[in-house]
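# A structural walkthrough
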Amino acid sequence: MDGRIDGPILRNAIGARIDRHAATRRLKHLAAAAGIRMPRMHPHMLRHTFVTTMLDAGVSLRDVQIATRHADLRITMRDRARKNLDRHPNYILAAYMASGT
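As the structure is a computational prediction, the values presented were derived from the model and not from experiment. (Residues numbered from 1 in each chain as written. Predicted model: local features only at pLDDT ≥ 70, side-chain atom pairs only at ≥ 80, totals over all residues. Heavy atoms only, no water.)

### Side note on the overall build of the chain
Helices and strands together make up the secondary structure of the chain, namely five helices and zero strands. Listing the helices and strands of the chain from first to last along the sequence gives α-α-α-α-α. When burial is assessed residue by residue, the chain has 16% of its 101 residues classed as buried. Put simply, of all contacts in the chain between residues at least 6 apart along the chain, 21% involve residues at least 24 apart. Of the accessible surface of the chain, which amounts to about 8,500 Å², a share of 59% is contributed by carbon and sulfur atoms. (Helix = DSSP H or I, 4+ residues; strand = E, 2+ residues; numbered from the N terminus. Buried < 20%, exposed > 50% of the residue type's maximum accessible area, 1.4 Å probe, protein only. Contact = heavy atoms within 4.5 Å. Areas by Shrake-Rupley, 256 points an atom, 1.4 Å probe, with all protein chains shown as cover.)

This is the structure we're talking about:
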């Protein structure tokens, strides 16, 4: 780390911020090199993965909201992976009650 606390994260060869089109091309290139085939791949998918992974790791919804700088908690909650039934409060409660603790 060079001590920066702000500025572009993704830079081009001369150190300037890359635009969204260049970021998309780079992501598609990296995905192809890794053997990942996915239509309509875009850099915002990395943000969705970040949110999903944090929630799966047990990070509180409020902390995820702060990390992603979402002004409204409903935006954070919209993550499609949250529809997984094993994370639904009713299933968590049922598992707890079934465990006999």
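From this point, the narrative continues.
### Thoughts on the packing of helix α2 (residues 44-56) against helix α3 (residues 61-68)
Where α2 contacts α3, the axes come no closer than 10 Å and their chain directions differ by 155 degrees. Classified by the angle between their axes, α2 and α3 sit roughly antiparallel to one another. Read as a crossing pair, α2 and α3 show a hand that is right-handed. Here Arg47, Phe50, Val51, Met54 and Leu55 of α2 lie close against α3, whose contacting residues are Leu61, Val64, Ala67 and Thr68. Here the residues of the contact of α2 with α3 sort into seven nonpolar, one polar and one charged. (Axes fitted to C-alpha atoms, helices over the stretch in contact; angles between N-to-C directions. Parallel < 35°, antiparallel > 145°, perpendicular 65-115°, else oblique. Left-handed = near helix turned anticlockwise from the far one by under 90°. Nonpolar A, V, L, I, M, F, W, Y, C, P; charged D, E, K, R; others polar.)

### Quick notes on a nonpolar patch on the surface
Together, Leu93, Tyr96 and Met97 give the surface a local cluster of nonpolar side chains, amounting to about 350 Å² of exposed area. In this structure leucine 93 comes out as partly exposed when scored by relative accessible area, which is 46%. (Patch = residues over 30% accessible without salt bridge, like charges linked within 9 Å, V, L, I, M, F, W, Y side chains within 5 Å. Salt bridge = Lys/Arg side-chain N within 4 Å of Asp/Glu carboxyl O.)

### A word on α3
Looking at α3, one finds that the buried residues are Val64, Gln65 and Thr68. Taken down its axis, α3 places every buried residue within 105 degrees of arc, on the same side. Facing away from the buried surface of α3 by more than 90 degrees, the exposed residues are Arg62 and Ile66. On the buried face of α3, the contacting elements are α2 and α4 (73-77). One or two residues past the end of α3 sits arginine 69, with phi positive at roughly 60 degrees. (Arc of directions from axis to C-beta.)

Coordinates in, geometry out; function isn't part of it.
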